[in-house]
Amino acid sequence: MGASEENGALFPIFVLTIMALPLVPYTLVKMLSAFSKKAMTIHCRCSVCSRSGKYRKSIFKRISNFSTCSNLTLMLLWIVMGVLIYYIKQTSHEVKVFEPFSILGLEPGASDSDIKKAYRRLSIQYHPDKNPDPEAHDYFVEYISKAYHALTDPVSRENFEKYGHPDGRQGLQMGIALPSFLLNIDGVSGGILLLGIVGVCILLPLVLAVIYLSRSAKYTGNYVMHQTLSAYYYFMKPSLAPSKVLDVFIKAAEFMEIPVRRSDGEPLQKLFVLVRSELNLDLKNIRQEQTKFWKQHPAFVKAELLIQAQLTRESEALTPALLRDFRRMLELSPRLLEELMKMALIPRTAQGHGWLRPAIGVVELSQNIIQAVPLSARKVAGGSSEGVAPFLQLPHFSEAMVKKIARKKVRTLQDLCDMTLENRVELLTQVAGLSHTESNDVEIVLEMMPSLTVDITCETEGEEGIQEGDIVTMRVWITLERGSGLVAALPHAPYYPFPKEENFWLLLADSVSNDVWVSQKVSFMDEAVAITAASKAIQELKEGSGASLKETNAAVREAVERVKSGSRLVMGKFQAPAEGIYNLTAFCLCDSWIGCDKKTNLKIKILKRSRAGTRTGPLSEEGAVTEGGIEEEEQEEEDEYDDYESEYSEDEEDGKDSKRNGVVPGAGAAAVGSDDE
């Protein structure tokens, strides 16, 4: 029974240990992550973003941010751990070692006469005949008598001196840290113990496995439903305007799961009237077009109207129920748009190329959703290929103001940025009619907008020129600069209700044939990850070319400094296509800002094979890029994307085969393989 009680006392210690092993490191990681995010987050500080409340640190928002299911569970577990620690401290007792000399008040090695004198003295004090106190009786029997016997009996004393215990060698006692009622294996306790073992060892792992498998069968690694990817792949076409990309975007299964209530009918009808001009309805047959629109699946109708409410900034007309659905759709939009982008860039042609036009359309749709700018604002107007859309993302701007400043020959966003501060303030206050506070908000946003520089080099390692069949190494440095001096920052997006990180897409494409040879996502938010990736890539490149250790280290240090100064390295390998001259364009597209994209035109000459052998091999797992650089020319964003500038009109080329004239006639057909990321 004593052993059972001792084992039961160890059970709280066992539970405390099992809880502490995962809880302590998880808490530390969560705290470090929270502190690092707080240090990294740099958002727009204009008055419009401040009024949006997205970044407001009120006490209610702090409590709301803290009161998540994860945080509350974590806090509850720590409370349980505190209770266990207190309970263990109160119930634990120190294990006392049996010391007969100390009990009798003697020094080790005392004589027999001294032992007898000490025993008689303590007997007078603790013997039951002299002291009726029950505690004195217990102490006399358990300690004094036992100590006297251990020191006067020859066998007991020999055992004590040899083994430290009057009873001789003591065996090692093992126990199980379980409650005492479970250790009494009778009918009830045995059943409870058996159920506990079955539950913890069999049922719990089985339930977790079923949950994981059911979720993994429904969602991808990016938490997007497989059904959504199938729909995006099916509806994606090689030539889509942004308005048609929106039709594909709303086919997400996540949007289908948002309920369509009967009470949503009237509010959606009112919203339809507000956004009708953005729905691409044929005005000549407006009644038939409206009837056709409402005959769609109710979930598609609701999804398109709510997205249009974001684009036209009409969310104030939504009911509380629709507003919750509206926020849920916007929360899902970034990762759905990323998967839609991947479906546009997935290899479709025999050469393994993706499609350029829908990729640009997806990025433009993302820009418009984040900035809450109508797609119709991208219609070519004046001297801007992107219309008034870049201006409408600026605080306090309207189409009327854009027309006013256009009379002063400021027709593009770049024209506005190129002005001196004094001239720009004068233009905004005297011509556009903004106050000095509103003009200051515009300056804050202009300083937050990124300016990109793309530097591309391509070469065949250890050889001169690029011949067909060569494995070509491409190196791209993308440099980001802002007027504020920041590198990592959150975009100005007061109408998007969630914090949104900037992401960029590097596309190497043939604008004429609509082929994307290479694609890769680039982020400027995590400098440590970028330094690690750049160092590894440069080191492998130098070691492969036979450079010395000193040269390799110098190149790595240079790359690290470039990353710290605001650059990101994108590398890849590709197999050179057939002989010919290829006119390609490297697009660097931002998914959050309108008018901040950058493109670089490249003329690539592939020579006929004259070297012995065919130097082929597996392509790099990174975004493989197909280029051999002879000429490089950078152009500003306001230049048109050749035949693929943004357009909102009906697509007259749907169903037609894309022209494959990216190669100069007589130079041979392209035959390039590339990995898309």
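Check the entry above for the structure.
Quick caveat: nothing in here was measured; it's all calculated off a predicted structure.

Cut-off values and rules
Residues numbered from 1 in each chain as written. Predicted model: local features only at pLDDT ≥ 70, side-chain atom pairs only at ≥ 80, totals over all residues. Heavy atoms only, no water. Helix = DSSP H or I, 4+ residues; strand = E, 2+ residues; numbered from the N terminus. Buried < 20%, exposed > 50% of the residue type's maximum accessible area, 1.4 Å probe, protein only. Areas by Shrake-Rupley, 256 points an atom, 1.4 Å probe, with all protein chains shown as cover. Axes fitted to C-alpha atoms, helices over the stretch in contact; angles between N-to-C directions. Parallel < 35°, antiparallel > 145°, perpendicular 65-115°, else oblique. Left-handed = near helix turned anticlockwise from the far one by under 90°. Contact = heavy atoms within 4.5 Å. Nonpolar A, V, L, I, M, F, W, Y, C, P; charged D, E, K, R; others polar. Phe/Tyr/Trp six-rings, centres within 6.5 Å; stacked < 30°, edge-to-face > 60°. Disulfide = S-S within 2.5 Å.

Visitor: I tried to follow the overall build of the protein on my own but got confused; where do I start?
Guide: Secondary structure summary: the protein contains 25 helices and nine strands in total. Evaluated residue by residue, the protein yields a buried proportion of 43% over its 677 residues. Total accessible area on the protein is roughly 36,500 Å²; 56% of this is exposed by carbon and sulfur atoms.

Visitor: How do you make sense of the packing of helix 24 (residues 527-544) against helix 25 (residues 549-564) when you look at a structure like this?
Guide: The relative placement of two packed helices is expressed as an angle between their axes plus a distance between the axes. Orientation of helix 24 relative to helix 25, taken along the N-to-C sense of each, is 150°, at an axis distance of 9 Å. By the angle class used here, helix 24 and helix 25 are roughly antiparallel. For the pair helix 24 and helix 25, the crossing hand works out as right-handed. Two secondary-structure elements touch here, helix 24 through Glu527, Ala530, Ile531, Ala534, Ser535, Ile538, Gln539, Lys542 and Glu543 and helix 25 through Thr552, Ala555, Val556, Ala559, Val560, Val563 and Lys564. Across the contact of helix 24 with helix 25, the residue classes break down as nine nonpolar, three polar and four charged.

Visitor: Please clarify how the packing of aromatic side chains should be interpreted in this entry.
Guide: Two measures describe an aromatic ring pair: the distance that separates the ring centres and the angle between the ring planes. Enumeration according to the criterion identifies 13 aromatic pairs in this entry. Look at tyrosine 234 and phenylalanine 235: their rings are 5.1 Å apart centre to centre, the planes differ by 85°, and that puts the pair in the edge-to-face class. On the basis of relative accessibility, which here comes to 60%, the residue tyrosine 234 falls in the exposed class. Taken together, a centroid distance of 5.4 Å and an interplanar angle of 80° make the contact between phenylalanine 504 and phenylalanine 524 edge-to-face. With phenylalanine 504 in strand 4 (residues 504-510) and phenylalanine 524 in the loop between strand 5 (515-522) and helix 24, the pair connects residues that are 20 residues apart, well separated along the chain. Judged by relative accessible area, which is 3%, phenylalanine 524 ranks as buried.

Visitor: Whenever I open this one, the state of the cysteines confuses me. Can you help?
Guide: Here a disulfide denotes one covalent bond, and it connects the sulfur atoms of two cysteines. Tallying each qualifying case throughout the model produces zero disulfides. Not engaged in a disulfide, the cysteine cysteine 46 finds its nearest cysteine sulfur in cysteine 44; these two sulfurs lie 3.5 Å apart. Relative accessible area serves as the criterion here: at 0%, cysteine 46 is assigned to the buried category. Here cysteine 49 is not cross-linked by a disulfide; its sulfur's nearest cysteine counterpart is in cysteine 46, at 3.7 Å. With relative accessibility at 1%, the residue cysteine 49 sits in the buried group.

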